[in-house]
Amino acid sequence: MTHRFALALVLVSGSAFAQPAARPAPADDMAAFDKDLDALFVHGGLTADGAASRAGAASPTVRRRIAEVDAAIAEGEAAELERVPQVSAKATVERLSSIPSFVFPLPPSLGGPVALTFLNHLYDAQANVNVNLSDYVLRYPKLVGAARLAEDVAKQSRVSAEVSAGEDARLAYYEWVRGKLQVLIAQRQLAQVQATLDQERALFDVQRISKADLLRIESQEAEAEQTLDQLGNLAILREEELRLLIGARDDEQLAVGEDIRAELAVPGAARLDDLMTRAERTRADFRVLDLGIRAKEKQRDAEKAGYYPRLTAFGNVEDANPNPRAFPQTDKFTRTWFVGASVSWTLNDTLVERTTVRRLTAEANELRADRENLDHGTRIEALAAVQAVQVALHALETSKKGLAAADEGYRVRRELLAADRATAVELVDAETDLTRARINALNARVDLRVALTQLAHAIGDDTPHSK
């Protein structure tokens, strides 16, 4: 009320001398905005690369891929153990029903009658060895090769999941930064409108401006408040998304550590075919499909071993009391052994293997189709990213010119208002244009970083090649 009264006195004195009183020029808001902007970017705060590195450990998808790697390693070890000969041992103790002794009559020339006694117990220990010789040539090498490829597929799937999680975190990070910038600009715009509104209410009290002009500025204040409220809610949503992606604790305070006002090195233009060649060589998802196709082919070739007869070598050692091979039975342990080889072929196994081979062939073809879809999608993704980078660069240059023009327009309106040659409404409009120009300039810088992130992902530059 004191400043309104003082302003009214000035206006009355001015009218007494029939000379228009010059308004005090509004305080320059640009310096205050730059100060707030500097305070937003904190040294040691979170960066896009930092968010990407944390996303890998926080992603449930990555943890699932790690579990798949462990499962693939176990399957590989199981395939290796298939080559170990089948060794078994068995010990038996039996109580047998009694059988009467039997005298086998023999002529005197053969030694005379022989009494055969049947024991009513059996103690038996056996050891067996079976070696599938044909599988060592036709099946095991391909089976082990397929298992090792499956392990590589799982490892590359993990890398691909980590890369995807990192890209999502980077994009979420830049949207979070964009949200905080929008809130900062909206707060500054509201402060501008409120400062102007305070001055105009004082002028309205002494009837220097119309009710319509005052209502229009009040309407712009309400609109600025609504915009700030909406952007504030959006910024909270963006931060929560980022927290989930990087696994931030509830009590962890996130601060922006990447100053988006810094200039970026933008890669030169490249042919789309060259970008595709680079993507196919570096991206983990391409390697996943290529290895998967080879693994299915190895599995298919291993199953074809079932088409042919199987050659098996075997051996047995038995120590028994009584030993069934000893005649006549005696109450003592007797050791016997045998070795041999067999060739076997089963029609049913062959028929089943044929269906398994068809299934594995179809699964390999599915992966080939996925590979082709990935190739097409990556080509469009790379082209769109290149175009987005060019558009962002153009928008950045345009926004610089627009910001310079809006800043100059605001400066002129301030001076004209101070000399009573412009209205407060015109100043508020100039403030709105300046705010919009600031938003466009900062958005262009964020858009450039987003486009570069998408381009790096499209061509595989964000893939850790050392893994």
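Everything numeric here is computed off the predicted structure, so don't read it as measured data.

Visitor: Sorry if this is basic, but what is going on with the environment of Val317 here?
Guide: Along the chain, Val317 turns up in strand S6 (residues 310-321). The class of Val317 is partly exposed, set by a relative accessible area of 39%. C-alpha of Val317 to C-alpha of Ala89: the two residues are 228 residues apart in sequence and 9.5 Å apart in space. Filtering out sequence-adjacent residues up to four positions away, Val317 remains in contact with Ala125, Gln126, Ala127, Arg335, Thr336 and Trp337.

Visitor: What should I look at first to understand helix H10 (residues 347-418) in this one?
Guide: Think of an α-helix as turning once every 3.6 residues; residues three or four places apart then point the same way. Between its terminal C-alpha atoms H10 stretches 102 Å, which fits the 106 Å expected from 72 residues at 1.5 Å a residue. Positioned one or two residues after H10, Asp420 has a phi angle of 60 degrees, which is positive.

Visitor: So what exactly am I meant to see when it comes to a nonpolar patch on the surface here?
Guide: A cluster of nonpolar side chains, contributed by Ile99, Phe102, Phe104, Val114 and Phe118, occupies part of the molecular surface with about 430 Å² of accessible area. In this structure Phe118 comes out as partly exposed when scored by relative accessible area, which is 34%.

Visitor: I would appreciate a short explanation of the packing of helix H4 (residues 60-81) against helix H6 (residues 140-205) in the present structure.
Guide: Two quantities define a packed helix pair, namely the angle between the helix axes and the distance between the axes. Remark: H4 packs on H6, axes separated minimally by 8 Å, with the N-to-C direction vectors making an angle of 170 degrees. When the axes of H4 and H6 are compared, the pair comes out roughly antiparallel. Considering only residue class, the contact of H4 with H6 consists of 13 nonpolar, three polar and nine charged.

Visitor: So what exactly am I meant to see when it comes to the pairing of strand S2 (residues 86-95) here?
Guide: Two faces belong to every sheet, and in a regular strand the side chains alternate between them. With one of ten residues buried, S2 lies mostly on the surface of the structure. With ten bridges connecting them, S2 and strand S5 (residues 121-132) associate as antiparallel partners. Along S5, the bridge assignment pairs Gln86 with Asn130.

Visitor: Sorry if this is basic, but what is going on with the sheet that holds S5 here?
Guide: Hydrogen bonds along the backbone pair up the strands of a sheet, which may run parallel or antiparallel. Within the open sheet, the four strands sit side by side as S2-S5-S6-S7. Their pairing is antiparallel. Each edge of the sheet is formed by a strand with only one pairing partner; in this case those strands are S2 and strand S7 (334-344). For this sheet, the mean inter-axis angle between neighbouring strands, taken without regard to orientation, is 15 degrees. Both S5 and S6 contribute to a ladder of ten bridges, which runs antiparallel. The residue of S6 that forms the bridge with Asn128 is Asn316.

Visitor: Can you help me understand the nonpolar core in this one?
Guide: Note that soluble globular proteins tend to have their nonpolar side chains buried in a common cluster. Core analysis: the largest hydrophobic core is formed by 29 residues, its most contacted members being Leu37, Tyr173, Leu181, Leu242 and Ile246. Contributing elements (two or more residues each) for this core: helix H2 (29-40), strand S1 (41-46), helix H3 (48-58), H6, helix H7 (211-246) and helix H11 (424-459). Per-element tally for this core: the top contributor is H6, with eleven residues. Residue contacts for Leu242: discarding those within four places in its chain leaves Leu46, Ala51, Ala169, Ala172, Tyr173, Trp176 and Leu254. In terms of nonpolar packing, the next biggest core, distinct from the first, is built from eleven residues, Leu275, Leu452, Leu455 and Ile459 among them.

Visitor: Explain the pattern of salt bridges here, please?
Guide: Proximity of charged atoms lets side chains of opposite charge pair with each other. In this structure the tally under the stated criterion is 37 salt bridges. The salt bridge involving Arg54 is made with Glu252; its shortest N-O contact spans 2.9 Å. Of this pair, Arg54 sits in helix H3 while Glu252 sits in the loop between H7 and helix H8 (272-282), placing them 198 residues apart in sequence. Between Glu239 and Arg243 there is a salt bridge, with its nearest N and O atoms 3.4 Å apart. Taken together, the residues Glu239 and Arg243, both in helix H7 and four residues apart, mark about one turn of the helix. Using a relative accessible area of 22% as the deciding quantity, one classes Glu239 as partly exposed.

Visitor: So what exactly am I meant to see when it comes to unusual backbone geometry here?
Guide: In most cases, non-glycine residues show a negative phi, while peptide bonds are predominantly trans. In this model, Asn321 is joined to Pro322 through a cis peptide bond whose omega is 0 degrees. Assignment of secondary structure puts Pro322 in the loop between S6 and S7.

Visitor: What am I meant to see in the environment of Arg54 here?
Guide: The class for Arg54 is partly exposed, based on a relative accessible area of 27%. Here the alpha-carbon distance between Arg54 and Ile246, two residues 192 residues apart in the chain, equals 5.1 Å. In this view, Arg54 contacts Leu46, Ile246, Gly247, Ala248 and Glu252; residues no more than four positions away in its chain are not counted.

Parameters at a glance
Residues numbered from 1 in each chain as written. Predicted model: local features only at pLDDT ≥ 70, side-chain atom pairs only at ≥ 80, totals over all residues. Heavy atoms only, no water. Helix = DSSP H or I, 4+ residues; strand = E, 2+ residues; numbered from the N terminus. Buried < 20%, exposed > 50% of the residue type's maximum accessible area, 1.4 Å probe, protein only. Contact = heavy atoms within 4.5 Å. Expected span 1.5 Å × (residues − 1). Patch = residues over 30% accessible without salt bridge, like charges linked within 9 Å, V, L, I, M, F, W, Y side chains within 5 Å. Areas by Shrake-Rupley, 256 points an atom, 1.4 Å probe, with all protein chains shown as cover. Salt bridge = Lys/Arg side-chain N within 4 Å of Asp/Glu carboxyl O. Axes fitted to C-alpha atoms, helices over the stretch in contact; angles between N-to-C directions. Parallel < 35°, antiparallel > 145°, perpendicular 65-115°, else oblique. Nonpolar A, V, L, I, M, F, W, Y, C, P; charged D, E, K, R; others polar. Pairing = 2+ DSSP bridges. Core = buried A, V, L, I, M, F, W, Y, C linked by side-chain atoms within 4.5 Å.

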